[in-house]
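Spelled out, the chains give:
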Amino acid sequence: MPALMPRTFASRLRGRRPAGQPLKDQALEGRQFRARALTAFLLIVAVLLLLGLRYVYLQVLNYDEYATRSASNRVRIVPVAPNRGLIYDRRGRPVAENRPAYRLELVPEKAGDLEQVIAGLGRIIELPADAYAAFEEERRRFRSFDSVPLKFNLSEEEVARFAVDRHRYAGVEVVPYLARHYPYGDLLTHVLGYVGRLDAEDLARVDAANYRGTTHAGKSGIERYYEDQLHGVSGLEKVETNVQGRTLKVLERDPPIHGDDLVLSLDVQLQQAAWDALGDRAGAVVAIDPSDGSVLVLVSKPAYDPNLFVQGISTANYRSILAAPGRPLFNRALLGGYEPGSTIKPFIGLAGLELGVIGKDHRVFSNGRFFLPGLDKPFRDWRKGGHGWVNIQGALEQSVNTYFYKLALDLGIDRIHDYLAQFGFGAASGLDLLGENAGVLPSRAWKRGQMGQPWYPGETVIAGIGQGFNVVTPLQLANAVATLANGGTRREPRLLYARKHAGDAQAEKVRAPVALQIPVNDPLNWDIVREGMRLVVHGAQGTARAIRPDPPLQIAGKSGTAQVAAQAEDEDMTDATAAHLRHHALFLAYAPFERPGIAVAAVVEHGGGGSRQAAPVARAVIDAWVQQGLAE
Amino acid sequence: MRRLLRGRVPGWLPGWLQGPHLDLPLLAALGLLIAFGLFVLYSASGGSLDTVYRQGVRIGVGLVALLVLSQVPPHVLRIWTPWLYALGVLLLLATWLVGTGRSTSRWLDLGVFRFQPSEIMKLAVPMMMAAYLHPRRLPPDLRSLLVSVGILAVPAVLIARQPDLGTALLVAASGVFVLFLSGLQWRVIFGLAGLAAAAAPALWWVMHDYQRQRVLTFLDPESDPLGSGWNIIQSKIAVGSGGLLGKGWLHGTQSRLEFIPERHTDFILAVLSEEFGLVGVLLLLLLYLFIVGRGLYIAGLARTTYARLLAGSISMTFFLYVMVNAGMVSGLLPVVGVPLPLISYGGTSIVTLLAGFGILMSIFGHRNFIR
C-alpha cells in the first residue's frame, strides 16, 4: 500500500526530517508549546468565567422574570361551565336531562393553520362544509389561547378515530361534557323549548363572564325563560398544560355551582293524552288547575324534535321543519289567535247577569233569524227554525245565538269589553313563556284606534257570539274558564311549579300570582252560568252531550266554532268542505263540576263543529286527569 | 493525592489498571461527567429508561474505543494518520454522491449502521496537521502554514457543503488550534483573525436561508416568539427559571411539559440548568474545566511534536463544544447544532469524543517514549 504513495510524501509523513530543513530543537519547542498551552488555558478560564456570569445573569439576576414566564407557560386558568339544572314534570319525571357526550375543542394559538387543521379533521370526523367559516365566527368571543368548541356530540367512532390521529393535531382535544337531552322529544317542545349554541344575541342578554365556559343557552320555551336559574354559576380551574396545550393535571379548582332544578306543573301523562286525542290534526290544548293557576297541559300540534337543535341543526333538517305542513315551529297554544265563537257565551251571559241586564228567568224567543232594525240581512241561529223560548241556561245548553245577539245589543260593546277584560281577554295572560299573543277584545275605542272607523251595531251583535274582531288564544280561553270555575280569581298561569336551588334540601314551591280578583255582585249569577255550562254536557239538549261522562263525574263545558271562510246563507258545513276552509273547532270545559280541579281549552284547526271535534279532546284530558287523581 | 494527579496508579488497584496507559484523574472526571449526564438524560427524555439504555450502549462503544486507542502508542497513530485522513476525505466525497439523510447528505449508510464521515474528520484533521507539522521546525514557515491550511480547508469545505456549517466550523477550529499551539506568531494570528473578520460578511452570501434565519433569530429572538425564536426563548426561560438551586431532578416544568425543544439532545443543558440551577451549571463547567485543563497538562507532558499538538487540539476542541453549546442555550450564540459533549443524547459524537480521550490517554501513557 505505501508503495502507491509518492516516496517523499510517505517519508515526510513518517516523521523523517525533510531534506534541507534544520534540526528541530525539541526543548525549545516544548517551552514554546507550554507557553501556548498556558495561554490557551487562561483563555478558556476567561471564557468559562464569561459563561458562568451569563448563567448568573439569567438564573440569579433575572430569575423573577423567567420564573414568571415559566409559570405562565404551563399554568392556564380555564372556566368550568356549571351543569345545567334539570327539569321535571309535576310528578318528578325528568323532561330535560344532561347526558354525557364528547365534543371536539381547538386552541387556535396552538393549532397552527386552522383551515388546514379543520380540513384534516374533516376527514376523520363528520363536519359541515362551512365548519371553518363557522369556527372563525365562533372563536371571536374567545382569546387565542382559549379552547373553542368545533363539534358537539361526537360519536364513539369519531372519538376513537381521533384518538388514533391525536398526535397529529396539537391543540385539538376531545372534551367530555354534558349534552342537553329531551327524552319526550316533540311532546314537550312547545313548553320546554330547547338550548342551542351560545351566540352574540345570548351574550348580550347574560353576564358574559359567567358564560366563559358555557357553550349552550336556552333559545326558547322554559329553557329560555328560566335561563338565569337553569344556568348556574361558572367555576374556574387552574390547570397545568404541556406545550401542545393539553391539560395534564388540575392544580386548583373553584367548583361551579350547578343550575337550579325546575319542577314544572305540567303532567306528562295528561300532556300525552291531549297529544294523542288531537291525533294528526293541527291544534292546541291548554289545561290549568283553577285552584292555583298551575298549567297542567300545554300542547301545540304539530311540533318538532327539540333534540335536533341542541347539537346545531343542519340546514337540511331546518328547512324540512320550516316546510312541514302546519308550521311545527308555531306555538299555537300561546301564539295562535282564534275567533272564540260560542265559547265566549258564558262570559257574555255572566256579564248580563252581573250587570243586571238579564235575570235567571229572562227569556228570549228564537225563531232562527234575528233582525237588526234597518238591516234586511238576518243574523241566524245555528239550528234552522230556532230553539223557541229559552232562558240563559237554555241558551248556553243549546248555544242559542239569538239570545246572545239580543243580550249583546242590550249590554253594548263597551260594557262587554270592560267585563270580559276582567277574564284576561285581549291581554297576555302572564304565563312564564315568552312571546304570548295578546289577542283582541274589541271596543269602540279599540276600533277607532286600530282602524279609524266608528263602531256599527251589527258588530256588537256578532260580538255576542264571539265573531267579528274577537281574537283569543287557547291559553286565554283556558285561563278564562279557570277563572270562571274558581269564582273570579284570575291568576297569571304558571308552568313552573317548584324550584330547587343547588345545595338546598327542599324545593321551593312557586305560586301563580293573582292578576285580578273579579268583583262579584251575586255569587248566584256565577252558579247560573256554571249550571248552564253543566247542561252543555249533561242536559238533554246539550250540544256536547256526546261526551257526557259516567257518574259521578260531572263536566261543565262550552263548544265553539270559529269561522274560517264566510258562510253563504243556508249553507252548512259538510264533510265535503275542503279541509282548509272548514271551521276551527273549540271547546272549553272544567271538571269536576262541584269542585273544579282542571280547566281545559281545546282547539282543533279546521275540525268543523266544536262539540263534535274539540269536545272529545277536552274529555280525554279530563279522563286522564281523573285517572291521575285516583292514583294520588 | 499528588501522586494520583501526576498519574501514578495506587498499588492496590488491579493490575490491568496499573498499566502505564491510563490517566486515572481524567478517567474519573469523564466518568463523573457521564454519570451526571445519564441522570440528566433520564429526566430530559421524560423518564425514558430506554433512551438512557441506548445512550449507555453508545458510551460503552466509546469506552471500548477509548481503551483500545489508549494502548496504541502515538507514533503508531502518527503512521496511520495519512490513511485515516485520506479515508475520511474519500467518504466525504462519497456522501456527496450517495448520501442519505433527511434534507442533508451527512449520513453514509453502511448497511449495518449509518454514520457521519464528518465525525472521523473531527479527529483526522488535527491528527493530519499534527503529523504534517511533526517533523518541521516550529513555528511553521509560510509554506508549512499554507499546506496546513489546505489540510483543514479541504474537509471543512466538503462538510460545509453537506450542508453542516456547525461541524465544518468545529473541524476547521480543531485545525486552527493545532496552528495556534504550533507557536504561530501572534502577528500572523491577529492578521488572519482580522482577515476572517473582514470576510465574515461574505459568509452571509454563501449561507443557506435557514442558516441566515438562525443568525437573525439570534440577534432578535422576540421578533418571532412562536416560530424561529421559540427555541431560544424557551431555553432561556428554562435556564432562568432554574434559579440558584433549580427545580429539582425530574421537576423541571419547561422540560417535562415539552416547552424546551430538542431537550434531550442539543438543549439538554437547558434541562440541567432548570433542574439543578446555577449550582449545577457551575459544577458542570468546573468539571469541564478540569477535563480540558487536564488535557492541556497532558499535552504539556508529551515529548513529541505530534503528541503535543494533537493532545492540545483535542482538549481545546472539546472545550469549544462546551462553549458553543452553553453559549447557545443561554442565548449568547446563535443556534448551531453542537451537542453538549458527553451529555447530549445520540449521534456518533459521543464515540468520537471518547476516542479522542483514548488518544489523550495514550499520549499520557506513552509520555516517556520519545519516538
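Thresholds, definitions, all that
Residues numbered from 1 in each chain as written. Chains lettered and ligands numbered in written order. Predicted model: local features only at pLDDT ≥ 70, side-chain atom pairs only at ≥ 80, totals over all residues. Helix = DSSP H or I, 4+ residues; strand = E, 2+ residues; numbered from the N terminus. Buried ≥ 20, exposed ≤ 12 C-beta atoms within 10 Å, placed from the backbone. Contact = placed C-beta atoms within 7 Å. Nonpolar A, V, L, I, M, F, W, Y, C, P; charged D, E, K, R; others polar. Pairing = 2+ DSSP bridges. Axes fitted to C-alpha atoms, helices over the stretch in contact; angles between N-to-C directions. Domains from an automatic or database assignment. Expected span 1.5 Å × (residues − 1). Parallel < 35°, antiparallel > 145°, perpendicular 65-115°, else oblique. Left-handed = near helix turned anticlockwise from the far one by under 90°. Core = buried A, V, L, I, M, F, W, Y, C linked by C-beta atoms within 7 Å. pLDDT = per-residue confidence, 0-100.

Asker: What is the right way to look at the overall build of chain A in this model?
Answerer: Within chain A one finds 25 helices and 25 strands. Across its three principal axes, chain A shows a C-alpha extent of roughly 155 × 50 × 50 Å. The burial tally for chain A puts 44% of its 632 residues in the buried class. Residue pairs at least 24 apart in sequence account for 73% of intrachain contacts in chain A once pairs closer than 6 positions are excluded.

Asker: Just to check I follow, could you spell out the overall build of chain B for this structure?
Answerer: Looking only at helices and strands, chain B features 15 helices and 2 strands. Every one of the 371 residues in chain B was classed for burial, and the buried ones make up 50%. At a minimum sequence separation of 6, the contacts of chain B that also span at least 24 residues come to 69%.

Asker: Explain the interface of chain A and chain B here, please?
Answerer: In many reports, interface size means the accessible area that the parts give up when they come together. Tallying the contact residues gives 41 residues for chain A and 47 residues for chain B. When residues of the side of chain A that touches chain B are traced back to their parent elements, those giving at least two are helix H1 (7-13), helix H2 (26-61) and helix H3 (63-74) of chain A. Take the side of chain A that touches chain B: its biggest share by element is 20 residues, from H2 of chain A. Here the side of chain A that touches chain B is composed, by residue class, of 20 nonpolar, 9 polar and 12 charged.

Asker: Can you walk me through the sheet that holds strand E13 (residues 283-288) of chain A in this structure?
Answerer: Residue and element names in this part refer to chain A. Read from one edge to the other, the open sheet built from 5 strands follows the order E14-E13-E25-E24-E23, with strand pairing classed as antiparallel. The sheet is open, and its two borders are formed by strand E14 (295-301) and strand E23 (556-562), each paired with just one other strand. Put simply, the sheet's adjacent strands are angled 10° from each other on average, direction ignored. When E13 meets E14, the two strands line up antiparallel, connected through 6 bridges. Bridge assignment links Val-286 to a residue of E14, and that residue is Leu-298. Contacts between helix H12 (residues 268-278) and the sheet are confined to E13, E14 and strand E25 (598-604), with E14 contributing the most and set at about 30° to the helix.

Asker: What am I meant to see in unusual backbone geometry here?
Answerer: The bulk of non-glycine residues show a negative phi, and the bulk of peptide bonds are trans. All names here are of chain A. In the segment running from Lys-301 into Pro-302, the intervening peptide bond is cis, with an omega of 0°. Inspection of the secondary structure assignment puts Pro-302 in the loop between E14 and helix H13 (307-310). Put simply, Pro-551 and Pro-552 share a cis peptide bond, and its omega is 10°. In this fold, Pro-552 is placed in the loop between helix H23 (523-538) and E23.

Asker: Would you mind showing me how to read the domain arrangement of chain B here?
Answerer: Residues and elements named next belong to chain B. Entries for chain B in the domain assignment read domain 1 (32-71 + 221-366) and domain 2 (81-207). When contributions to the side of domain 1 that touches domain 2 are tallied by element, the ones reaching two or more residues are helix H14 (305-329) and helix H15 (349-365). In terms of residues, the side of domain 1 that touches domain 2 owes the most to one element, H14, which gives 10 residues.

Asker: For this particular structure, what's the right way to read the domain arrangement of chain A?
Answerer: All names here are of chain A. Partitioning chain A into domains gives domain 1 (77-264) and domain 2 (269-312 + 325-498 + 511-567 + 577-631). A C-alpha centroid distance of 45 Å is found between domain 1 and domain 2. Each partner contributes to the interface: domain 1 provides 29 residues, whereas domain 2 provides 23 residues. Mapped by element, the contributors of at least two residues to the side of domain 1 that touches domain 2 are strand E5 (172-181), helix H8 (189-192), strand E6 (195-197), helix H10 (221-225) and strand E12 (261-264). Classifying every residue of the side of domain 1 that touches domain 2 by side-chain character gives 15 nonpolar, 8 polar and 6 charged.

Asker: Looking at this model, I keep getting lost on the environment of Arg-582 of chain A. Mind explaining?
Answerer: Residues and elements named next belong to chain A. Within the element layout of this structure, Arg-582 appears in the loop between E23 and strand E24 (584-591). Residue Arg-582 is classed as buried on the basis of its 22 C-beta neighbours within 10 Å. In this structure, the C-alpha to C-alpha distance between Arg-582 and Glu-605, residues 23 residues apart in sequence, is 8.2 Å.

Asker: What is the right way to look at the environment of Gly-46 of chain B in this model?
Answerer: Within the secondary structure, Gly-46 of chain B is located in the loop between helix H3 (24-44) and helix H4 (49-70). Taking the C-alpha atoms as reference points, Gly-46 of chain B and Leu-257 of chain B, 211 residues apart in sequence, are found 9.0 Å from one another.

Asker: What is the right way to look at H14 of chain B in this model?
Answerer: Helical geometry note: an α-helix holds 3.6 residues per turn, so side chains three or four residues apart project in the same direction. Residue and element names in this part refer to chain B. Here H14 contains 25 residues, and its C-alpha end-to-end distance of 36 Å stays within 8% of the 36 Å for a straight helix at 1.5 Å per residue. Of all 25 residues in H14, 23 are buried; the element is thus mostly enclosed. One or two residues past the end of H14 sits Gly-331, with phi positive at roughly 80°.

Asker: Looking at this structure, how should I read the sheet that holds strand E10 (residues 247-254) of chain A?
Answerer: Adjacent strands of a sheet form backbone hydrogen bonds with each other and so pair up, either parallel or antiparallel. Residues and elements named next belong to chain A. Spatial strand order, E1-E9-E10: 3 strands in an open sheet with antiparallel pairing. The sheet terminates laterally at strand E1 (75-80) and E10, the two strands that pair on one side only. Going from strand to strand, the sheet's axes swing by 30° on average, the running direction of each strand aside. Two strands pair when backbone bridges link them, and strand E9 (residues 235-241) and E10 are joined in this way by 6 bridges, in the antiparallel orientation.

Asker: Help me understand the packing of helix H13 (residues 268-301) of chain B against H15 of chain B in this model?
Answerer: Each pair of packed helices can be described by the angle between their axes along with the distance between the axes. Residues and elements named next belong to chain B. Taken N-terminus to C-terminus, the directions of H13 and H15 make an angle of 40°; their axes are 9 Å apart at the nearest point. As far as their axial angle goes, H15 and H13 are oblique. The crossing of H13 and H15 is left-handed. Between H13, through Gly-295, Ile-298 and Leu-301, and H15, the contact on the second element is made entirely by Leu-360, Ile-363 and Phe-364. Among the residues forming the contact of H13 with H15, the class breakdown is 5 nonpolar, 1 polar and no charged.

Asker: Looking at this structure, how should I read helix H16 (residues 345-354) of chain A?
Answerer: Residue and element names in this part refer to chain A. Extensive coverage of H16 is indicated by the burial of 10 of its 10 residues. Within H16, burial applies to Lys-345, Pro-346, Phe-347, Ile-348, Gly-349, Leu-350, Ala-351, Gly-352, Leu-353 and Glu-354. Immediately downstream of H16, the backbone of Gly-356 shows phi near 75°, a positive value.

Asker: Please clarify how the nonpolar core should be interpreted in this entry.
Answerer: Nonpolar side chains in soluble globular proteins tend to end up buried together. Counting 125 residues, the largest nonpolar core has Ala-274, Val-285, Val-286, Ala-287, Val-600, Val-617 and Val-621 of chain A as the members making the most contacts within it. What Val-285 of chain A contacts, discounting residues up to four positions off in sequence, is Ala-274, Leu-278, Val-297, Val-299, Pro-474, Val-600, Ala-602, Val-617 and Val-621 of chain A.

Asker: Explain the confidence of the model for chain B here, please?
Answerer: Interpretation of the predicted coordinates at a detailed level should be avoided for regions scoring low in pLDDT. All names here are of chain B. With 87% of its residues at a pLDDT of 70 or more, chain B shows a mean pLDDT of 85. Averaged over each element, pLDDT in chain B is lowest for helix H2 (residues 15-18) (55) and highest for H13 (95). Reported confidences for the modelled complex are a pTM of 0.70 and an ipTM of 0.91.

Asker: Any chance you could explain the environment of Val-40 of chain B here in plain terms?
Answerer: Residue and element names in this part refer to chain B. Its place among the elements puts Val-40 in helix H3. Considered as a pair, Val-40 and Ser-344 are 304 residues apart in the sequence and their alpha carbons are 9.2 Å apart. With sequence-adjacent residues up to four places away left out, Val-40 is seen in contact with Ile-268, Val-271, Leu-272 and Ile-343.

Asker: Which parts of the structure should I look at to understand the packing of H14 of chain B against H15 of chain B?
Answerer: Residue and element names in this part refer to chain B. Contact geometry of H14 with H15 gives a least axis separation of 10 Å together with a crossing angle of 145°. Every pair of crossing elements has a handedness; the one defined by H14 and H15 is left-handed. Contact residues: H14 offers Ala-307, Leu-310, Ala-311, Ile-314 and Phe-318, while H15 offers Leu-353, Gly-356, Ile-359, Leu-360 and Ile-363. Residues that form the contact of H14 with H15 fall into these classes: 9 nonpolar, 1 polar and no charged.

Asker: Would you explain the confidence of the model for chain A in this entry?
Answerer: Residues and elements named next belong to chain A. Mean pLDDT over chain A works out to 86, with 93% of the residues at or above the 70 mark. Taken as a whole, residues 1-7 scores under 50 in pLDDT and shows 2 contacts with residues more than four places along the chain or in a different chain. Within the model, the stretch residues 568-573 combines pLDDT values under 50 with 3 contacts to residues more than four positions away or in other chains.

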